[in-house]
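# Architecture at a glance
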Amino acid sequence: MANNIPDKILTKKEEDVLSSWIGNQCQFQLLYKMSRDGLSPNTFHQLCDGKGPTVTVLYNTIGNVFGGYLSQSWNSNNVQITDENAFLFKLRDQNQSYMKKFSIRVPAMAACGVREWGPTFGGRTTLGAFLSNERNIPCFQQVLPNQSTQIFDLHTFSDSKKNFVPNQCQQRTYNQVVAWLNGFALNGQEHLGNSYSGSSNEVDSWDSGSTLSGGDFNVLDLEVCLLKGTDQPWREVPLWNSQSFHSLKDYISKYRPLEDTSVTNVNILLLGQVGAGKSSFFNTINSIFRGEITSRACAGSSEHSLTTTLRKYRVRDPSSSQYLNLRLCDMRGLEESVGVKIQDIALLLDGHIPQHYQFNPASHATHKFPGFKRDPNLQDKIHTLAFVIDASTINVINTAVEHQMKEIQSLTVERGIPQVIYLTKLDKICPDVDNDIRNIFTSSACKQAVDTVADVIGVPRSHVFPVKNYEKETRLHTSIDILALSALRQTLVFADDFLEDQSEFAE
Ligand SMILES: Nc1nc2c(ncn2[C@@H]2O[C@H](COP(=O)(O)OP(=O)(O)OP(=O)(O)O)[C@@H](O)[C@H]2O)c(=O)[nH]1
Ligand SMILES: [Mg+2]
């Protein structure tokens, strides 16, 4: 075995990858290092309990580097640790870079805080009963009575004579210990695919037989690092995995407007300043369902609004060969001089304005316009208003446009139409978000933008949805999809609220 073992297991690049998976740029502060502190559950708990979010990293003799992240503190209370953000990872396989993340599937069984065990990820529902029934037996015998009991995704070690614990570990140099021991023979076990996904987020296929350790529990070192600078997210962070993506997409595919009404599709009006990203939002949703980047709605930058007519876009879901039960209504952007007549907005909200209506800054629509609906019904109305706002310009928003938005808001309030805000271009205000969209919920710049826009428009912060439209990307990204679908899902919930109100009103 080589003697030139590096002092620190993780490279800077690997720390950065872990930070991006965690969703925040973190500093790694060493709490426990087996080659320095000895192989002892007691010492591990003394140094790590109650400290905050940590990563545990193992470095085995065949060159695999793997471990787990826990956003909750370790403890010694003999309880399961619940953690929605936890994940397992492999960073190197036989010394080759192999960066894969395995997300949590059962947050209630993310980890075990047991005095006699080292870091242990995963668990079993009967753990509490198991421990209390067998209180007199040393813990390792309880959980490892025979190795066929497959319970933990990653159990590192427990208090056991089976562990080779070097008594004079601290007095020896690191390389001496390594050379002498050929690694610490841990009595841990690994069964990836129980509380944690057995396949990496980066691929959808099941990595059958995939392991973190490659079957080798002889480790050259095991480190537990405290993560500093992990700001608390300002909103609940979604699980950025394909499971969340599919459940959001399924919800929207299967969505049917409230049954009590005659409405078959809900109309969501995309309204906002020129260039805010209205057409791009439709393109983003359309791309997600089509499975590739599409650009049906013309999007781009121009002095005046690129979109000049009303388009009530349908979105086709190729997986069911049907259209979604919603229409995304894209319209001309608000601007100081040319703009849209406020009367047109009122007529649009009430369902009078037909598809392809050309907004005319000089005059508003009348019944003389072809297709003008004299007696619109509930199906023709707008059921939710989505203000699309460019986060990079909210502090310099034109006062005339702000005034128009206030007027439009009064019109929607009078009619009881729910309002949401799609806050776009957050990638332009925060480099961390530009780097990785999953940083959005820990970015203070994004939080500030959400607070400001909620204040300026006058809607609750929970109605403001950060989104990132497809613009420079050439392929779909799960995290971008999750943001856009989350915003659309909640919009549909609000549209149903409106329909429910309307049907009660009609009784
Ligand atoms: N960086 C970034 N650019 C975006 C985002 N959304 C839209 N864009 C870009 O902003 C520009 C304007 O987007 P559009 O979708 O055309 O905006 P619009 O609101 O439809 O504009 P008008 O139809 O002209 O009123 C385009 O160049 C888009 O690529 C986003 O989330 N991030
Ligand atoms: Mg447009």
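For the structure, check the block above.
Residues numbered from 1 in each chain as written. Chains lettered and ligands numbered in written order. Predicted model: local features only at pLDDT ≥ 70, side-chain atom pairs only at ≥ 80, totals over all residues. Heavy atoms only, no water.

Glancing now at the environment of S97. Relative to the elements of secondary structure, S97 occurs in strand β6 (residues 96-103). By relative accessible area, S97 is classed as exposed at 53%. Taking the C-alpha atoms as reference points, S97 and N64, 33 residues apart in sequence, are found 9.3 Å from one another. The contact partners of S97, leaving out residues within four places of it in the chain, are L91 and R92. (Helix = DSSP H or I, 4+ residues; strand = E, 2+ residues; numbered from the N terminus. Buried < 20%, exposed > 50% of the residue type's maximum accessible area, 1.4 Å probe, protein only. Contact = heavy atoms within 4.5 Å.)

The next subject is the coordination of the magnesium ion (ligand 2). Only S279 (OG) and T307 (OG1) from the protein reach the magnesium ion (ligand 2) as donors, at distances of 2.0 to 2.1 Å. Pair noted here: S279 is in helix α8 (residues 278-290) and T307 is in the loop between α8 and β14 (311-317), with a separation of 28 residues, a long-range link. This pair shows no difference in class: S279 is buried, exactly as T307 is. (Donors = N, O, S within 2.8 Å, 3.2 Å for Na, K, Ca; no water.)

Moving on to the pairing of β14. Of the strand pairs in this sheet, β14 and strand β15 (residues 322-330) are connected by six bridges, and their pairing is antiparallel. Looking at β15, one finds that R316 is bridged to Y323. If you look at the hairpin formed by β14 and β15, you'll find four residues sitting between the two strands, and S321 has a positive phi there, around 55°. (Pairing = 2+ DSSP bridges.)

The angle between the axes and the distance between the axes are what describe a pair of packed helices. Relative orientation of the contacting elements helix α9 (residues 342-349) and helix α10 (residues 399-415) amounts to 30°, with a least axis distance of 10 Å. For the element pair α9 / α10, the angle class is roughly parallel. In this structure, α9 meets α10 at a crossing whose hand is right-handed. For the pair α9 and α10, contact is made by I342, I345, A346 and L349 and by Q404, E407, I408, L411, T412 and R415, respectively. Looking at the contact of α9 with α10 residue by residue, the classes come out as six nonpolar, two polar and two charged. (Axes fitted to C-alpha atoms, helices over the stretch in contact; angles between N-to-C directions. Parallel < 35°, antiparallel > 145°, perpendicular 65-115°, else oblique. Left-handed = near helix turned anticlockwise from the far one by under 90°. Nonpolar A, V, L, I, M, F, W, Y, C, P; charged D, E, K, R; others polar.)

On to the side chain of K278, then. Within the secondary structure, K278 sits in helix α8. Lacking a salt bridge, the buried K278 has D330 as its closest oppositely charged neighbour, with an N-O distance of 5.7 Å. When residues no more than four places from it in sequence are discounted, the contact partners of K278 are L270, L271, G272, Q273, D330, M331, R332, G333 and V388. (Lys, Arg positive; Asp, Glu negative; His and termini not counted. Salt bridge = Lys/Arg side-chain N within 4 Å of Asp/Glu carboxyl O.)

Taken together, the side chains of R290, R296, R314 and R316 define a basic patch exposed on the protein surface. Looking at the element boundaries, R296 is found in the loop between α8 and β14. When its relative accessible area of 45% is taken as the criterion, R296 is described as partly exposed. (Patch = residues over 30% accessible without salt bridge, like charges linked within 9 Å, V, L, I, M, F, W, Y side chains within 5 Å. Areas by Shrake-Rupley, 256 points an atom, 1.4 Å probe, with all protein chains shown as cover. Charge placed at Lys NZ, Arg CZ, Asp CG, Glu CD.)

Looking now at unusual backbone geometry. One non-glycine residue, S321, adopts positive backbone phi at about 55°. Mapped onto the secondary structure, S321 falls in the loop between β14 and β15. Its identity is not glycine, yet H356 carries a phi of approximately 70°, on the positive side. Locating H356 in the fold gives a position in the loop between α9 and β16 (384-390).

None of this, on its own, says anything about what the molecule does.
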